[in-house]
Amino acid sequence: LELIHSESISLKLLESTPLSARHIAEIILRTGSERIAAGIFHKNQPAVPSENDYRLTKTIAETAAVLGTEITDMIIYNHESAFSMRETGAFGFSVI
């Protein structure tokens with residue numbers, strides 16, 4: 001796989017306004033993505049998914065599916081480690 005596009009979304013934006021399906025769809029449509037992987041940085045927390053991470057992953061996966069885009073993984077990471085939601089089975093990923 002080749003990284004074609006990378007986009008950072010400010011934590012301050014997410015704290016004041018949750019990432020919406022519309023914003024996710026705009027990114028997917030603008031980039032023409034067939035597959036996406038996303039990462040969530042936990043600055044001062046363990047690299048394990050929180051309830052908010054599961055909600056965000058669900059929103060991204062549902063939006064991607066409607067657009068025919070596969071979500072390949074969600075990586076939760078901090079300065080010391082990373083947690084793959086796909087590898088650990090923490091979230092059900094389906095291939096379109």
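Worth saying up front: this structure is predicted, and the values here are computed from it rather than measured.

Participant: How would you sum up the overall build of the protein chain? Please name residues and give values.
Facilitator: Scanning the protein chain from N- to C-terminus turns up three helices and three strands. The order of α-helices and β-strands along the protein chain, N terminus first, is α-α-β-α-β-β. Taking all 96 residues of the protein chain together, the buried fraction comes to 31%. Once local pairs closer than 6 in sequence are excluded, the contacts in the protein chain between residues at least 24 apart make up 64%. Of the roughly 6,700 Å² of accessible surface on the protein chain, a fraction of 53% belongs to carbon and sulfur atoms.

Participant: Pulling in residues and values, what's your account of the side chain of Asp-73?
Facilitator: Turning to its location among the elements, Asp-73 is positioned in strand β2 (residues 70-77). The side chain of Asp-73 sits in the buried core without any salt bridge; Arg-86 is the nearest counter-charge, 6.3 Å away. Polar contacts involving the side chain of Asp-73 include one to the main-chain amide nitrogen of Met-85, which spans 3.3 Å. Side-chain polar atoms of Asp-73 contact the backbone nitrogen of Arg-86, separated by 3.0 Å.

Participant: Now, about the confidence of the model for the protein chain: what can you tell me, with residues and values included?
Facilitator: Residues with a pLDDT of 70 or more make up 84% of the protein chain, whose mean pLDDT is 83. Confidence scores differ between elements of the protein chain, with helix α1 (residues 11-16) showing the lowest mean pLDDT of 51 and strand β3 (residues 82-84) the highest of 95.

Participant: Explain the pairing of β2 to me, and be specific about the residues and the numbers.
Facilitator: The element β2 is largely enclosed, with a buried count of six among its eight residues. The sheet contact formed by strand β1 (residues 35-41) and β2 spans seven bridges and is parallel. The residue bridging Ile-36 from the neighbouring strand is Ile-71, located in β2. One crossover worth recording links β1 to the parallel β2 by way of helix α3 (residues 51-66), and it is right-handed. Judged from the three bridges that link them, β2 and β3 form a sheet pairing that is antiparallel. If you follow Ile-76 over to β3, its bridge partner there is Phe-83.

Participant: So what's going on with the packing of aromatic side chains? Residues and values would help.
Facilitator: Using the criterion set out here, one finds one aromatic pair in the structure. Measuring from centroid to centroid gives 5.2 Å for Phe-41 and Tyr-77, while their planes differ by 45°, and the two rings are tilted. Note that Phe-41 is positioned in strand β1 and Tyr-77 in strand β2, a separation of 36 residues in sequence. On the accessibility criterion, Tyr-77 (35% relative accessible area) is partly exposed.

Participant: Tell me about the pattern of salt bridges, and name the residues and values.
Facilitator: Going through the model one piece at a time under the given rule, you end up with three salt bridges. Among the salt bridges present, the one from Glu-26 reaches Arg-22, with a minimum N-O distance of 3.2 Å. Residue Glu-26 and its partner Arg-22 are both found in helix α2 (residues 21-31); the two are separated by four residues, about one turn of the helix. For Glu-26, a relative accessible area of 40% puts it in the partly exposed group. The salt bridge partner of Lys-58 is Glu-62, with a shortest N-O separation of 2.9 Å. Of this pair, Lys-58 and Glu-62 are both found in helix α3, four residues apart, which corresponds to roughly one turn of the helix. Looking at Lys-58, the relative accessible area reads 45%, which means it is partly exposed. Relative accessible area serves as the criterion here: at 43%, Glu-62 is assigned to the partly exposed category.

The rules we used
- Residues numbered from 1 in each chain as written.
- Predicted model: local features only at pLDDT ≥ 70, side-chain atom pairs only at ≥ 80, totals over all residues.
- Heavy atoms only, no water.
- Helix = DSSP H or I, 4+ residues; strand = E, 2+ residues; numbered from the N terminus.
- Buried < 20%, exposed > 50% of the residue type's maximum accessible area, 1.4 Å probe, protein only.
- Contact = heavy atoms within 4.5 Å.
- Areas by Shrake-Rupley, 256 points an atom, 1.4 Å probe, with all protein chains shown as cover.
- Lys, Arg positive; Asp, Glu negative; His and termini not counted.
- Salt bridge = Lys/Arg side-chain N within 4 Å of Asp/Glu carboxyl O.
- Polar contact = N/O pair within 3.5 Å; in protein donor to acceptor, adjacent residues only side chain to side chain.
- pLDDT = per-residue confidence, 0-100.
- Pairing = 2+ DSSP bridges.
- Right-handed = clockwise from strand over helix to strand, strands pointing away.
- Phe/Tyr/Trp six-rings, centres within 6.5 Å; stacked < 30°, edge-to-face > 60°.

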